[in-house]
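Fold and geometry: a report
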Amino acid sequence: MSEPELIRLRPRRIRVVCWASAAVLLVVFSVVATSLHGPTGDGYGTFQRGDQLAMVGLGIFGALGILLFTRPRVEADARGVRVRNLVGSYELPWEVVRGIRFDRGAPWASLELHDDDLMPMVALQAADKELAVEGVRALRRLHQAHLARLTENAPHH
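Predicted, not measured: the structure shown is a model, and the values here were computed from it.

Brief notes about the overall build of the protein
Secondary structure assignment for the protein yields 3 helices and 9 strands. N-terminal to C-terminal, the α/β element order of the protein is β-α-β-β-α-β-β-β-β-β-β-α. Summarising its shape, the C-alpha atoms of the protein cover approximately 90 × 30 × 25 Å along the three principal directions. The burial tally for the protein puts 31% of its 157 residues in the buried class.

Structure representation (structure tokens):
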């Protein structure tokens, strides 16, 4: 059985929710913007075209903020693993990885490093159930293949 060259993992459920939420937010802000016209209520000011554009702009920024949650992904190959989370990303060779953890009740999987650090992998979320489990299994297979290569190449005494 040959190992896959490259594994690419992204969360599924959060992407669907975020895209739908961003679209709804944009529609709501656009509808509110079109309803802004005439006096502000007490007669001292009036809504202008700039106010409408500002509301649409706020909707766009809000939607973009929501779409940041679609950013997480994990890529892995025979050399190592690359993780991109909401904020920040990192690339680790398999040599520094002790194991891949997905503890019961944890919101996402983590890489356990030899220095006892845990690096979160937000792309492998518990909400994705079987998809996340399959992703963790694929990463563990790559990690095991790396360990097997180390033992094959180790000098025998």
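Description of the side chain of glutamine 52
With respect to the helices and strands, the residue glutamine 52 is situated in helix H2 (residues 49–67). Those residues within four positions of glutamine 52 in sequence are excluded, and the remaining contacts are Ala33, Thr34 and Leu36.

Some details on the environment of leucine 26
In this structure, leucine 26 sits in helix H1 (residues 13–35). Since its relative accessible area comes to 31%, leucine 26 is described here as partly exposed. Separated by 69 residues in the primary sequence, leucine 26 and glutamate 95 place their C-alpha atoms 45 Å from one another.

Quick look at the nonpolar core
With 21 residues, the main nonpolar core has Val74, Val81, Trp94, Leu111, Met121 and Leu139 as its most contacted residues. With 4 residues, the single largest contributor to this core is helix H3 (residues 130–153). Each residue touching leucine 139, except ones within four places of it in the same chain, is listed here: Ile7, Leu9, Val74, Ala76, Val81, Trp94, Ile100, Met121 and Leu124.

Examining the pattern of salt bridges
Overall, the coordinates contain 9 salt bridges when judged by the stated rule. With a closest N to O distance of 3.1 Å, arginine 79 and aspartate 77 form a salt bridge. Notably, a salt bridge pairs arginine 98 with aspartate 116, separated by 3.0 Å at the nearest N-O pair. Placement of the pair is arginine 98 in strand S7 (residues 97–101) and aspartate 116 in the loop between strand S8 (108–113) and strand S9 (118–125), with a sequence separation of 18 residues.

Description of H2
Look at H2: 27 Å from first C-alpha to last across 19 residues, which is about the 27 Å you get at 1.5 Å a residue. Regarding H2, the residues found buried are Gln52, Met55, Gly59, Ala63 and Leu67. In an axial view of H2, the angular spread of the buried residues amounts to 115°, which keeps them on one side of the axis. Away from its buried face by more than 90 degrees, H2 exposes Leu53 and Phe61. On the buried face of H2, the contacting elements are H1.

Some words on a nonpolar patch on the surface
Residues Leu26, Ile60, Phe61 and Leu64 make up a contiguous nonpolar surface patch of about 390 Å² in total accessible area. For the nonpolar patch, the element with the highest residue contribution is H2, accounting for 3 residues. Of note, isoleucine 60 is situated in helix H2.

Some details on the packing of H1 against H2
The geometry of H1 relative to H2 is characterised by a closest axis approach of 8 Å and an angle of 170° between their N-to-C directions. Comparing the axis directions of H1 and H2 gives the class roughly antiparallel. For the pair H1 and H2, contact is made by Cys18, Trp19, Ser21, Ala22, Leu25, Leu26, Phe29, Ser30, Val32, Ala33 and Thr34 and by Gln52, Met55, Val56, Leu58, Gly59, Ile60, Gly62, Ala63, Ile66 and Leu67, respectively. Residue classes in the contact of H1 with H2 are distributed as 15 nonpolar, 6 polar and no charged.

Let's talk about the pairing of S7
Bridging between S7 and S8 involves 4 bridges; their strand directions are antiparallel. In the strand pairing of S8, glycine 99 is matched with glutamate 112. Counting the residues between successive antiparallel strands, the hairpin from S7 to S8 contains 6 residues, one of them, glycine 105, with a positive phi of roughly 85°.

Calculation rules
- Residues numbered from 1 in each chain as written.
- Predicted model: local features only at pLDDT ≥ 70, side-chain atom pairs only at ≥ 80, totals over all residues.
- Heavy atoms only, no water.
- Helix = DSSP H or I, 4+ residues; strand = E, 2+ residues; numbered from the N terminus.
- Buried < 20%, exposed > 50% of the residue type's maximum accessible area, 1.4 Å probe, protein only.
- Contact = heavy atoms within 4.5 Å.
- Core = buried A, V, L, I, M, F, W, Y, C linked by side-chain atoms within 4.5 Å.
- Salt bridge = Lys/Arg side-chain N within 4 Å of Asp/Glu carboxyl O.
- Expected span 1.5 Å × (residues − 1).
- Arc of directions from axis to C-beta.
- Patch = residues over 30% accessible without salt bridge, like charges linked within 9 Å, V, L, I, M, F, W, Y side chains within 5 Å.
- Areas by Shrake-Rupley, 256 points an atom, 1.4 Å probe, with all protein chains shown as cover.
- Axes fitted to C-alpha atoms, helices over the stretch in contact; angles between N-to-C directions.
- Parallel < 35°, antiparallel > 145°, perpendicular 65-115°, else oblique.
- Nonpolar A, V, L, I, M, F, W, Y, C, P; charged D, E, K, R; others polar.
- Pairing = 2+ DSSP bridges.

No statement about biological role is implied by the geometric values presented.
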